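# Summary of the model geometry
Spelled out, the chains give:
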Amino acid sequence: MAKKGRLKLERPLKAYALDQCALYKIKGIGQLLKVLLWNGTEDELEQFLNNESNYNVFLHKKTNRLIQHPKPRLDKLQSRIAVLLRRVAPPNYRHSGVRNRSFLTNASQHSRPGPAVKVDLEKFYPSTKFIHVYAFFRGKMHCSADVARLLTRICCYRDAHLPTGARHSEVLAFYCHKDIFDKIHHRATARNGVMSTYIDDIMLTMNSASDGDLKWIRGLFSKYGLKINSKKSRVYKASQPKVITGVVHSRGRQLAPHKQHRKAGEHFAALASLTQESTEYSAHARSLMGHLDHIALIDKRFKLRAVGNRLRLRKSII
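In short, a report on the structure.

Rules used throughout
- Residues numbered from 1 in each chain as written.
- Predicted model: local features only at pLDDT ≥ 70, side-chain atom pairs only at ≥ 80, totals over all residues.
- Heavy atoms only, no water.
- Pairing = 2+ DSSP bridges.
- Helix = DSSP H or I, 4+ residues; strand = E, 2+ residues; numbered from the N terminus.
- Axes fitted to C-alpha atoms, helices over the stretch in contact; angles between N-to-C directions.
- Contact = heavy atoms within 4.5 Å.
- Patch = residues over 30% accessible without salt bridge, like charges linked within 9 Å, V, L, I, M, F, W, Y side chains within 5 Å.
- Areas by Shrake-Rupley, 256 points an atom, 1.4 Å probe, with all protein chains shown as cover.
- Salt bridge = Lys/Arg side-chain N within 4 Å of Asp/Glu carboxyl O.
- Lys, Arg positive; Asp, Glu negative; His and termini not counted.
- Charge placed at Lys NZ, Arg CZ, Asp CG, Glu CD.
- Buried < 20%, exposed > 50% of the residue type's maximum accessible area, 1.4 Å probe, protein only.
- Phe/Tyr/Trp six-rings, centres within 6.5 Å; stacked < 30°, edge-to-face > 60°.
- Lys NZ or Arg CZ within 6 Å of the ring centre and 35° of its normal.

## Some points on the sheet that holds strand 10 (residues 253–255)
- Taken in spatial order, the 3 strands make up an open sheet running 8-9-10, and their pairing is antiparallel. The strands lining the two open edges of the sheet, one partner per strand, are strand 8 (242–244) and strand 10. Here the strands of the sheet are splayed against their neighbours by 25° on average, with no regard to which way each runs.
- In the sheet, strand 9 (residues 247–250) pairs with strand 10 via 3 bridges, with the strands oriented antiparallel.

## Quick look at the side chain of D299
- Within the secondary structure, D299 is located in the loop between helix 12 (279–298) and helix 13 (303–313).
- Contact partners of D299, with chain neighbours within four places excluded, come to Q254, L255 and A256.

## With respect to a positive patch on the surface
- Among the surface-exposed residues, K62, R65, K232, K259, R262 and K263 lie close enough to one another that they form a single positively charged patch.
- Checked against the element boundaries, K263 lands in helix 11 (residues 258–272).

## A closer look at the environment of L292
- Within the element layout of this structure, L292 appears in helix 12.
- On the accessibility criterion, L292 (3% relative accessible area) is buried.
- Measuring from C-alpha to C-alpha, the distance between L292 and V307 comes to 8.6 Å, with 15 residues separating the pair along the chain.
- Apart from residues lying up to four places away in sequence, L292 is in contact with A264, F268, R305, A306 and N309.

## A look at the packing of aromatic side chains
- Evaluated as defined, the whole model comprises 10 aromatic pairs.
- Taking the centre distance of 6.4 Å and the plane angle of 80° together, the rings of F124 and F181 count as edge-to-face. Here the residue F124 occupies a position in helix 5 (residues 124–127), and F181 occupies one in helix 9 (residues 178–189), the gap between them amounting to 57 residues. The exposure classification of F124 matches that of F181, with both residues buried.
- Relative to Y175, the ring of F136 lies with its centre 6.1 Å away and its plane at 25°, an arrangement referred to as stacked. Note that F136 is positioned in helix 6 (residues 130–140) and Y175 in helix 8 (residues 169–176), a separation of 39 residues in sequence. With respect to class, F136 is no different from Y175; both count as buried.
- By the ring-pair criterion, three or more aromatic residues cluster together here, those being Y93, F124, Y125, F136, F137, F174, Y175, F181 and F221.
- One Lys or Arg, R94, reaches over the ring of F174 and ends 5.0 Å from the middle of that ring.
- R187 extends its terminal NZ or CZ atom over the ring of W216, reaching a point 4.1 Å from the ring centre.

Take a look at the structure:
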């Protein structure tokens, strides 16, 4: 969800080939400034990018991750780049940031029975370095060296890596590493399987999926300086339920994870012990409605439960 005060990113109705992107083959800085809708000069842009206060940096309370969130003026530039790249026709296996695709469509690709390999990339954005971004704009987009350098400076946090809290990071990280994703996709389809990606999650359901495939993928990313999260990456046997982007597929059924049901139960219990006048009641009610809505989104059997509790609880929310 976009933060208050920020415009939502465009989800284009039409898509075009990469070589039709407005960022493709930009050879002059003047042309780049027009494409980015920057009203100042090149020197003014360089000076602006040298400002170390262009980001709000903080620790996320729940995940304890360091977030680099661009301030409005830089966000506008980065969002323009994100919009232009989102207009490029995505491959069928990409499900994040694409109109009519979501974590649910990503998970649904793996409803078929069979063994699978799940891969979680570790620190995907911080691992996508200045050199990766420059190589994309210079090598894949065929921009001139000075244009590619300036684009990379706009996109990277302190000329180091993609920022963790910026809106362009998802689509740009994907295109920086698309060659790797394409190789993994080819491996899956060559074995009559399917592969899908959702931000830093990769899933392959294919014949004879094994630890050898996981090792091969680990080596592939390692060549480009990226690591996979060993704790979250694994191989599923054909008989095991598969968990993909927070959705469980088991014996032909799509289910919400036990964790979601458990959290909903905890909020039900908390509400039962509180009065509606309590300051904690509204917080638990909001969280409960969120969990129930999420469960119903995954498993339609719980839709009526979510709707009924929302009607009951919304009157008590302050």
